[in-house]
Amino acid sequence: MKDDQMPPGRRALLRGAVVVGLAAATGCAGTEHASTPGRAAASGAPAAGPQALRPRKPSAYRLRPMTGYGPQRGAPARPPVRRAPILRLPGRVRSMVLSFDDGPDPRYTTDILRVLRRHDARAMFFVCGEMAAAHPDLLRAMVDDGHVIGNHTWSHPLLPRLSRASIRRQMERTCDIVDATVGRPPEWFRAPYGAWNRAAFELGAELGMEPLAWTVDTLDWRTPGTGTIVRRVLGGAGPGVVVLSHDAGGDRSQSVQALRAYLPELLDAGYRLTVPSRHRV
């Protein structure tokens, strides 16, 4: 059918569609002008239609990270509340853990770190908060060398003689100083003197820490002699064994000398001196 033969009603519909299309095209062109800051007509006068908005300076609010919105990062899962401390680490074939309590003390901890570094061995250091606060550089050295820092309370009290609130303060203060110094709180706790009670297990779990005791006690705090300490470590060596020694709290020179002797022997025997993960026990 030719255009001159088109019914009048249809011609009217087509004319209406053309008008609408022209209006839409004009609107799009106006939008383009408005979205181009500073664009002017050829005559130098501002282009017709709505003018571009001046760019806004970023506000302080927009520069702040959006910490209050969206899903929050969840807290670490709490370990179970145990009824007894862990004495030995399971599944540790030819692996042992060396642990040192009561420090850090620059008179002995520095030498212990040096010996461990020389043999590329890792260890655990259960620190007292008041010692950690006095020697934060040693805490940072521990972490830099790949060692694990555990919580040994703030001032090494006998926990069963304290109230629950006092035990919490002892544990929390040490968690806080470790976190502030190395960027993360401890995941392991050891009760002074090995004196555990229900509150210690509950509060430790609440703070995200597993209770770790030991398998072999060197009794080095009695200063029994370097040879005796060496014999106790080598005689008790075995998969998953946790050895207890000290790097503070008295004269620990025998502990340092013993480490120099038994560490290479353990390595020659095929043992790997490593540190545990709280999430694998």
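Residues numbered from 1 in each chain as written. Predicted model: local features only at pLDDT ≥ 70, side-chain atom pairs only at ≥ 80, totals over all residues. Heavy atoms only, no water.

Visitor: How should the overall build of the chain be read in this particular structure?
Guide: In terms of helices and strands, the chain carries nine helices and eight strands. The 281 residues of the chain split such that 39% are buried. A sequence separation of at least 24 residues applies to 77% of the contacts in the chain between residues at least 6 apart. Carbon and sulfur atoms make up 54% of the accessible area of the chain, which totals about 16,000 Å². (Helix = DSSP H or I, 4+ residues; strand = E, 2+ residues; numbered from the N terminus. Buried < 20%, exposed > 50% of the residue type's maximum accessible area, 1.4 Å probe, protein only. Contact = heavy atoms within 4.5 Å. Areas by Shrake-Rupley, 256 points an atom, 1.4 Å probe, with all protein chains shown as cover.)

Visitor: Help me understand the packing of helix H5 (residues 136–144) against helix H6 (residues 164–182) in this model?
Guide: For any two helices packed against each other, one specifies the crossing angle of their axes together with the interaxial distance. Where H5 meets H6, the axes come as close as 9 Å, and the angle between the chain directions of the two elements is 70°. Between H5 and H6, the angle is such that the two are roughly perpendicular. For H5 against H6, the interelement crossing comes out right-handed. The residues of H6 that touch H5, namely those facing Pro136, Leu139, Arg140 and Val143, are Val178, Thr181 and Val182. When the residues that make up the contact of H5 with H6 are grouped by side-chain class, the tally is five nonpolar, one polar and one charged. (Axes fitted to C-alpha atoms, helices over the stretch in contact; angles between N-to-C directions. Parallel < 35°, antiparallel > 145°, perpendicular 65-115°, else oblique. Left-handed = near helix turned anticlockwise from the far one by under 90°. Nonpolar A, V, L, I, M, F, W, Y, C, P; charged D, E, K, R; others polar.)

Visitor: Help me out: how do you make sense of helix H8 (residues 226–236) in this one?
Guide: Note: α-helices contain 3.6 residues per turn, so residues at a spacing of three or four share the same orientation. The set of residues buried in H8 consists of Ile229, Val230 and Val233. Taken end-on, H8 shows its buried residues confined to a sector of 100°, consistent with a single buried face. Those residues of H8 that are exposed and aimed more than 90 degrees away from the buried face are Arg231 and Gly235. Each element contacted by the buried residues of H8 is listed here: strand E7 (242–246) and helix H9 (253–268). (Arc of directions from axis to C-beta.)

Visitor: Looking at this structure, I do not really get the pattern of salt bridges. What am I missing?
Guide: Where side chains of opposite charge bring their charged atoms close, a pairing between them can arise. Tallying each qualifying case throughout the model produces 10 salt bridges. Close ionic contact of Arg190 with Asp101 constitutes a salt bridge, the shortest N to O distance being 2.8 Å. Of this pair, Arg190 sits in the loop between strand E4 (188–189) and helix H7 (198–206) while Asp101 is found in strand E1 (residues 95–101), placing the two residues 89 residues apart along the sequence. Of the two residues examined, Arg190 and Asp101, each falls in the buried class. (Salt bridge = Lys/Arg side-chain N within 4 Å of Asp/Glu carboxyl O.)

Visitor: Is there a simple way to think about the confidence of the model for the chain in this case?
Guide: Caution applies to low-pLDDT parts of the model: their predicted coordinates are not meant to be read in detail. Residue-level pLDDT values for the chain average 81, and 72% of them are 70 or greater. Across residues 1–75 the pLDDT falls below 50, and counting only partners more than four positions away or on other chains, this stretch makes 22 contacts in the model. (pLDDT = per-residue confidence, 0-100.)

Visitor: Can you help me understand the packing of H6 against H7 in this one?
Guide: Between H6 and H7, the shortest axis-to-axis distance is 10 Å and the interhelical angle comes to 45°. The orientation of H6 relative to H7 falls into the category oblique. Here H6 runs over H7; the crossing is right-handed. Touching Arg164, Ile167, Arg168 and Met171 of H6 are Ala199, Ala200, Glu202, Leu203, Gly204 and Glu206, all from H7. Taken together, the residues of the contact of H6 with H7 break down into five nonpolar, one polar and four charged.

Visitor: Would you take a moment to explain the pairing of strand E2 (residues 124–127) for this structure?
Guide: On any regular strand, side chains alternate: one points to one face of the sheet, the next to the other face. Here E2 shows two buried faces, one formed by Met124 and Phe126 and the other by Phe125 and Val127. As paired elements, E1 and E2 share three bridges and run parallel to each other. The partner of Asp101 across the bridge, within E2, is Phe126. (Pairing = 2+ DSSP bridges.)

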